[in-house]
Amino acid sequence: MKRFLKLAAITTLALLCAAPSYAQTEKTIKRKVAIGRFSNETQYSKGIFYDKDNDPMRKQALDILSTKLAASGKFILLEREDLDVLVAEAGSGMNKIGADYIILGSITEFGRKAEGENQVFSTIKTQTVEAGVSLRLVETATGLIIYSDEAKGYAETTTKTTLGLGGTASYDATLSDKAISAALNQLVENIINKCMDQPWKSYFLAKDDGAYIISGGASQGLAAGDKFFVYKKGNVVTNPQTGMKIELPGKQIGIVTVLQSTGSTPESEISFCTYSGEDIDEDNFQKYYISDK
């Protein structure tokens, strides 16, 4: 009997060791993204009758990109009527956008051609559209471009008539959408990965009735009980080769725990938190940032 119990215990231990462990799924915090200007750099935009504000091609690209980013479920897309002005102001304007990242795009190429082939009893006509799109991803906190690339997309349609019967190769307006969409498909996945690979960041706004208030809230995925790391910013040094200022890595000094969130819009959302760790200089909250990594 003892031998049997010992064997059973060994078997149970072996099964427990072999059983898979289910780690807690890593929490995803949505990034706030603003899509800035989407310019048209093709020959079409250089015509004297070109109207930037009523450019259908530019609007097509902007709508397609917005739809693809929203479909990923990883972003809060911000709309700012004054975004072009803030981007033009660059250094002073980037931090006022209220987004973690801004995407700047342009249509670099666009062409349409029609080819026909006449056979004895039939005619084949093919319309082809080629579009080139360029995207840049800018981190608003630093103004640095963290991703830049260009891609081309193609779309075509073919019609065939036999003895006068069949479809007609009239102008197909949907080909522009398809070509631009095909080009953006090659870039959007990289944009998503770049954004999500970067640490999510928040900042201290104030302290009220013993609780620390940080930016961000429920729409981004913050919930009561969430814990995030608090860092003291590193020193800022100047690279003598480029003249650029570089912020050195920060030092982790503590942890904040979310108590509750409030706010009516993603831009105005805030969270109340407790804090544990090294003392914080509450007169200089700009020395610190909060991160999920």
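Computed from a predicted model, the values in this text were never measured in an experiment. (Residues numbered from 1 in each chain as written. Predicted model: local features only at pLDDT ≥ 70, side-chain atom pairs only at ≥ 80, totals over all residues. Heavy atoms only, no water.)

Before going further, it helps to examine the overall build of the protein. Assigned secondary structure in the protein consists of four helices and 15 strands. At a minimum sequence separation of 6, the contacts of the protein that also span at least 24 residues come to 68%. Accessible surface, the protein as shown: approximately 17,600 Å² in total, 53% of it carbon and sulfur. (Helix = DSSP H or I, 4+ residues; strand = E, 2+ residues; numbered from the N terminus. Contact = heavy atoms within 4.5 Å. Areas by Shrake-Rupley, 256 points an atom, 1.4 Å probe, with all protein chains shown as cover.)

Let us now look at the side chain of Gln 60. Tracing the backbone through its elements, the reader meets Gln 60 in helix α2 (residues 56–71). Within the local environment of Gln 60, its side chain forms a polar contact with the side chain of Asp 177, the two groups lying 2.6 Å apart. In this view, Gln 60 contacts Ser 176, Asp 177 and Ile 180; residues no more than four positions away in its chain are not counted. (Polar contact = N/O pair within 3.5 Å; in protein donor to acceptor, adjacent residues only side chain to side chain.)

Okay, the sheet that holds strand β13 (residues 251–262) next. Read from one edge of the open sheet, seven strands run β7-β15-β10-β13-β14-β9-β8, paired in antiparallel fashion. A single partner strand is all that each edge strand has here, and the edge strands are β7 (201–202) and β8 (204–208). Inspection of the sheet shows β7 paired to strand β15 (residues 288–291) by two bridges, in the antiparallel sense. Its bridge partner lying in β15, Lys 201 is registered against Ser 291. (Pairing = 2+ DSSP bridges.)

Relative to strand β14 (residues 270–277), strand β9 (residues 211–215) is paired through four bridges, and the arrangement is antiparallel. Note on β14: the bridge partner recorded for Ile 213 is Phe 272. Of the pairings in the sheet, the one linking β13 to β14 comprises eight bridges and is antiparallel in character. Each bridged residue has a counterpart across the sheet, and for Ile 255 the counterpart in β14 is Ser 276.

This next bit is on a nonpolar patch on the surface. On the surface, a nonpolar cluster with roughly 380 Å² of combined accessible area is contributed by Leu 144, Val 237, Met 244, Ile 246 and Leu 248. With respect to the secondary-structure elements, Ile 246 resides in strand β12 (residues 245–247). (Patch = residues over 30% accessible without salt bridge, like charges linked within 9 Å, V, L, I, M, F, W, Y side chains within 5 Å. Salt bridge = Lys/Arg side-chain N within 4 Å of Asp/Glu carboxyl O.)

With the rule as written, the count across this model stands at seven aromatic pairs. On the numbers, 5.8 Å between centres and 70° between planes, the contact of Tyr 212 with Tyr 275 is edge-to-face. Of this pair, Tyr 212 sits in strand β9 while Tyr 275 sits in strand β14, and the two are 63 residues apart along the sequence. Note on Tyr 275: relative accessible area 18%, which makes it buried. A connected cluster of aromatic rings, assembled from ring pairs, spans Phe 204, Tyr 212, Tyr 275, Phe 285 and Tyr 288. The cationic tip of Lys 201 hangs over the ring face of Tyr 289; the distance from NZ or CZ to the ring centre is 4.6 Å. (Phe/Tyr/Trp six-rings, centres within 6.5 Å; stacked < 30°, edge-to-face > 60°. Buried < 20%, exposed > 50% of the residue type's maximum accessible area, 1.4 Å probe, protein only. Lys NZ or Arg CZ within 6 Å of the ring centre and 35° of its normal.)

Here we come to the confidence of the model for the protein. Looking at the protein, pLDDT values average 79 and 74% of them are 70 or higher. The low-confidence segment residues 1–25 (pLDDT under 50) makes zero contacts with residues lying over four places distant or belonging to another chain. For the stretch residues 90–94, pLDDT sits under 50, and the model shows five contacts to residues farther than four places along the chain or on other chains. (pLDDT = per-residue confidence, 0-100.)

In terms of nonpolar packing, the biggest core is built from 31 residues, with Leu 65, Leu 69, Leu 135, Ile 180 and Leu 184 touching the most fellow members. Listing elements by their share of this core, those giving two or more residues are β1 (31–40), α2, β3 (101–118), β4 (122–139), β5 (144–162) and α4 (174–197). Ranked by residues supplied to this core, first place goes to α4 with 11 residues. Not counting residues within four places of it along the chain, the set of residues in contact with Leu 135 comprises Phe 38, Leu 65, Ile 103, Leu 104, Gly 105, Tyr 147, Ser 148, Asp 149, Leu 184, Leu 187 and Ile 191. (Core = buried A, V, L, I, M, F, W, Y, C linked by side-chain atoms within 4.5 Å.)

Look at α2: 22 Å from first C-alpha to last across 16 residues, which is about the 22 Å you get at 1.5 Å a residue. Listed as buried for α2 are Met 57, Arg 58, Gln 60, Ala 61, Ile 64, Leu 65 and Leu 69. Down the axis of α2, the sector holding all buried residues measures 160°, keeping them to one side. Residues Pro 56, Lys 59, Thr 67 and Ala 71 are exposed on α2 and point more than 90 degrees away from its buried face. (Expected span 1.5 Å × (residues − 1). Arc of directions from axis to C-beta.)

At a minimum axis separation of 9 Å, α2 and α4 run at an interaxial angle of 40°. Taken together, α2 and α4 sit at an angle that is classed as oblique. By crossing handedness, the relation of α2 to α4 is classed as right-handed. Here α2 contributes Met 57, Gln 60, Ala 61, Ile 64, Leu 65, Lys 68 and Leu 69 to the contact with α4, which in turn contributes Ser 176, Asp 177, Ile 180, Ser 181, Leu 184, Asn 185, Val 188, Ile 191 and Ile 192. (Axes fitted to C-alpha atoms, helices over the stretch in contact; angles between N-to-C directions. Parallel < 35°, antiparallel > 145°, perpendicular 65-115°, else oblique. Left-handed = near helix turned anticlockwise from the far one by under 90°.)

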